[in-house]
Amino acid sequence: MSFTYSEKGKALNMILLLFLTSGILHIVEGTEPAVEISYEEVAARPYTATLYSITCSVTHMPVNSNLWLSMNSSAGGYVEKFTGESNRRFWYTVRYDSDSSVTVVFNRFNPHYEGQYTCVVRENTDDDPLEWSSKSVYLKYTTMPEIQDLIYDDAYTFNYDHRLLFLNDGSALQLQCVASGVPEPKVEWKKKGNDNYVIEGPLLDVPSVTKADSGFYFCEANNGIGDPVKSTELEITVLDFFPPKMRYTSEPVITITEDLNRYWMEMGTNMEVLVNGLPPPTVTWWKETEIGRQRIMRESTSTHRFLIYEGFFSYPETETDHRLIVEAPTQFQLGTYVAKAENSLGVAELNFTINAAETTYTIQR
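Note that the structure is predicted; figures quoted are calculated from it, not measured.

Enquirer: Help me out: how do you make sense of the packing of aromatic side chains in this one?
Expert: Two aromatic rings are characterised by how far apart their centres lie and by the angle between their planes. Going through the model one piece at a time under the given rule, you end up with 15 aromatic pairs. Ring centres 6.4 Å apart and planes at 90° place the aromatic pair Phe106 and Tyr117 in the edge-to-face group. With Phe106 in strand β6 (residues 101-106) and Tyr117 in strand β7 (residues 115-123), this residue pair connects regions lying 11 residues apart in the sequence. For Phe106, a relative accessible area of 2% puts it in the buried group. Classification of Tyr117 as buried rests on a relative accessible area of 0%. A ring pair is formed by Tyr197 and Tyr217, whose centres lie 5.6 Å apart and whose planes are at 75°; its orientation type is edge-to-face. Of this pair, Tyr197 sits in strand β14 (residues 194-200) while Tyr217 sits in strand β16 (residues 215-222); the two residues are 20 residues apart in sequence, bridging distant segments of the chain. Its relative accessible area of 19% is what places Tyr197 among the buried residues. Above the face of the Phe242 ring, Lys245 is positioned so that its terminal group lies 5.1 Å from the ring centre.

Enquirer: Help me understand the state of the cysteines in this model?
Expert: Think of a disulfide as a covalent bridge from one cysteine sulfur atom to another cysteine sulfur atom. A full pass over the atoms with the stated rule returns 2 disulfides. Across a sulfur-sulfur distance of 1.9 Å, Cys56 and Cys119 are joined as a disulfide pair. Looking down the S-S bond of the Cys56 and Cys119 bridge, the torsion is -80°, so its handedness is left-handed. With a gap of 63 residues between them, Cys56 in strand β2 (residues 51-59) and Cys119 in strand β7 connect regions that are remote in the sequence. A sulfur-sulfur distance of 2.2 Å marks the disulfide that ties Cys177 to Cys219. Measuring the twist about the S-S bond at about 55°, one finds the Cys177-Cys219 disulfide to be right-handed. Separated by 42 residues along the polypeptide, Cys177 in strand β12 (residues 173-182) and Cys219 in strand β16 bring together distant segments of the chain. Neither residue differs from the other here; Cys177 and Cys219 are each classed as buried.

Rules of the game
- Residues numbered from 1 in each chain as written.
- Predicted model: local features only at pLDDT ≥ 70, side-chain atom pairs only at ≥ 80, totals over all residues.
- Heavy atoms only, no water.
- Phe/Tyr/Trp six-rings, centres within 6.5 Å; stacked < 30°, edge-to-face > 60°.
- Helix = DSSP H or I, 4+ residues; strand = E, 2+ residues; numbered from the N terminus.
- Buried < 20%, exposed > 50% of the residue type's maximum accessible area, 1.4 Å probe, protein only.
- Lys NZ or Arg CZ within 6 Å of the ring centre and 35° of its normal.
- Disulfide = S-S within 2.5 Å.

Dropping the structure here:
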């Protein structure tokens, strides 16, 4: 049996076609792409969510195929395909290490990015393309804890430093630690220098403090994301409160023996006291009149001026300076003045008298 040249060519073509077909089937069925996904958490930073770096890699990457990372959000089934073109807000960076490897690094991880992540390979053809995918991993939206506020009664603070609190022996202490984070952090109160002092929960409640409760306190929040976060330390000082005490630092009786007009205009009159007490007393100034005691306020008119100086309370053992300065060229500012100090435990008063000697000259009316 013999074959013509044409018949031999057809036979060779058939053999070659069968060989190529067999090779393609081998690639698809015997060495299918192996798609892998891996990720790592980027170190957590204060006041930001945990960030992730996600890598898709493929073994036996098919020719003329595309690789990308896909996300199915837990917030309403939102789906996103992570490519360089999809990153309009620069919340992540897409880096193609090769045709068979891509890495997505998040610069910002919002709550809607929590969900299932999958690496996908798809043939770049419109005719029934084949698709392969990795297993899915679930990435959570988490944040480091943050202590937002420490809440306590303003009556504990007596000066500008709100980290220094004063309490009366036997009074109640309540401190509230406001913390946030995802997941919700565990909050504890601790006392500096006492490792055994741990109060669980955001509220520190001491019904009746004693001097042994004095010390430095802080709250600590921990949710397993990053390191535990500590609040500002509050210094608690427990003291014996006492009613106001006052003493003169200027003469209680002021007699004007010069020309009254010139004296008031050039000199003025100072009435000064030192005040102490816990809680710090409120100091007010009064003038006795025919219709009763009248409160003196800071004021300045064409006929007289009152200046009130309030001392600064810095610490319980210190006395504060308070002054009433009277500048007024009329006889109506003569008379009796009262410095009054008051707190929750009592009241103290000191009187001043301003009069004019008989030799005083003309009084402006």
